[in-house]
Amino acid sequence: MQNKLTISKDQIQEMIAHAQAALPNEACGILGGHAGRVQTVYPGENVENSPVIYRMKPQDQLRAMHAIQLSGGDLLGIFHSHTNGSTIPSETDISQAHYPDAVYIILARPPNGAWKTFGYNITKGNIHKITLQVEPGPYVG
Ligand SMILES: [Zn+2]
């Protein structure tokens, strides 16, 4: 289980840009990397087209998983947005969390507010807050 995730400021901006473009619906995607450090953000399409739930398009998910495997990395995170500003995983998020080793990132945007990011481990219905260590600038491998 990860208790920390290192991510660059640019990668957070990438996730936020994807979430902003998907408004008013939720956006989602996957984070790949090594040793708890995010290397690549893989945005996905939310096939639910919904402001309250998300399901990543299977082809997008497979493509991301394949790219992560080819790079020798790990699935480090799964992100999605909350357009109602809620900063914690919903009941649905918790019941559908099938990757206990991944960090679930929530991008929360209060009405007319700025996006904020929160990280969680979700294991067997329990949520545990994770520290997102944000580094300035782009990813440096
Ligand atoms: Zn959610």
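Worth saying up front: this structure is predicted, and the values here are computed from it rather than measured. (Residues numbered from 1 in each chain as written. Predicted model: local features only at pLDDT ≥ 70, side-chain atom pairs only at ≥ 80, totals over all residues.)

**Quick word on the overall build of the protein**
Where we set the bar: Numbering of helices and strands starts at the N terminus; helices are DSSP runs of H or I of at least 4 residues and strands are runs of E of at least 2. In this description the radius of gyration comes from C-alpha coordinates, and the expected globular size is given by 2.2 Å times residues to the power 0.38. Here contacts are defined at the residue level, using C-beta atoms placed from the backbone and a cut-off of 7 Å between them.
A tally of regular secondary structure across the protein gives 3 helices and 7 strands. For the protein, the α and β elements follow one another from N to C terminus as β-α-β-β-α-β-α-β-β-β. Against the compact-globule benchmark of 14 Å for 141 residues, the protein has a radius of gyration of 14 Å, which places it among compact chains. With the C-alpha coordinates aligned to their principal axes, the bounding extent of the protein is approximately 35 × 30 × 30 Å. Summarising the internal contacts of the protein: among those between residues at least 6 apart in sequence, 66% fall at separations of at least 24.

**Quick notes on helix α2 (residues 58-70)**
Every α-helix carries 3.6 residues per turn, so stepping three or four residues along brings you back to the same face. For clarity, the cut-off: Expected helix span is computed as 1.5 Å times (number of residues minus one).
Relative to the 18 Å expected for 13 residues at 1.5 Å per residue, α2 spans 18 Å between its end C-alpha atoms, a close match to the ideal helical length. Count one or two residues on from α2 and you reach G72, which has phi positive near 75°.

**A closer look at unusual backbone geometry**
Going by this rule: Any residue with 12 or fewer other C-beta atoms within 10 Å of its own C-beta is exposed, any with 20 or more is buried, and the rest are partly exposed; the C-beta atoms used are placed from the backbone.
That bond from L23 to P24 is cis: its omega, 10°, falls within 30 degrees of zero. Positionally, P24 belongs in the loop between α1 (9-22) and β2 (28-34). Backbone geometry places A35, a non-glycine residue, at a positive phi of 45°. Along the chain, A35 falls in the loop between β2 and β3 (37-44). Given 10 C-beta atoms within a 10 Å radius, A35 is considered exposed. Despite not being glycine, N49 shows a phi value in the positive range, around 45°. With respect to the element layout, N49 can be found in the loop between β3 and α2. Looking at N49, the number of C-beta atoms within 10 Å reads 13, which means it is partly exposed.

**As for the nonpolar core**
We apply this condition: Linking buried Ala, Val, Leu, Ile, Met, Phe, Trp, Tyr and Cys residues through C-beta atoms within 7 Å yields a set, and such a set is a nonpolar core.
By size, the foremost hydrophobic cluster in this structure holds 29 residues, and its most contacted members are L5, M15, L31, L76, F79, V103 and Y104. Where this core is concerned, the elements lending two or more residues are β1 (4-8), α1, β2, β3, α2, β4 (74-82), β5 (103-108) and β6 (116-123). Filtering out sequence-adjacent residues up to four positions away, F79 remains in contact with M15, C28, G29, L31, I105 and L107.

**A closer look at the confidence of the model for the protein**
Convention followed: A residue's pLDDT is the confidence the predictor assigns to it, expressed on a 0 to 100 scale.
Per-residue confidence for the protein gives a mean pLDDT of 94, with 96% of residues at or over 70. Of all helices and strands in the protein, the one with the weakest mean pLDDT is strand β7 (residues 126-135) (94), whereas β5 scores best (98).

**Concerning the environment of N84**
Within the secondary structure, N84 sits in the loop between β4 and α3 (91-95). Residues N84 and P24 lie 60 residues apart in sequence; the distance between their C-alpha atoms is 9.6 Å.

**Focus on the environment of D101**
Residue position: D101 is located in the loop between α3 and β5. Considering only alpha carbons, one finds D101 and N3, 98 residues apart in sequence, at a separation of 9.8 Å.

**Re the pairing of β7**
So the rule is basically this: Here a strand pair is declared whenever DSSP counts at least two bridges between the two strands.
Here β1 runs beside β7; their pairing, made up of 5 bridges, is parallel. Of the residues in β7, the one forming a bridge with K4 is T131. Across 5 bridges, β6 lies against β7 in antiparallel orientation. Bridge pairing in β7 places T123 opposite N126. The antiparallel pairing of β6 with β7 creates a hairpin that spans 2 residues between the two strands, and K124 there sits at a positive phi of about 50°.

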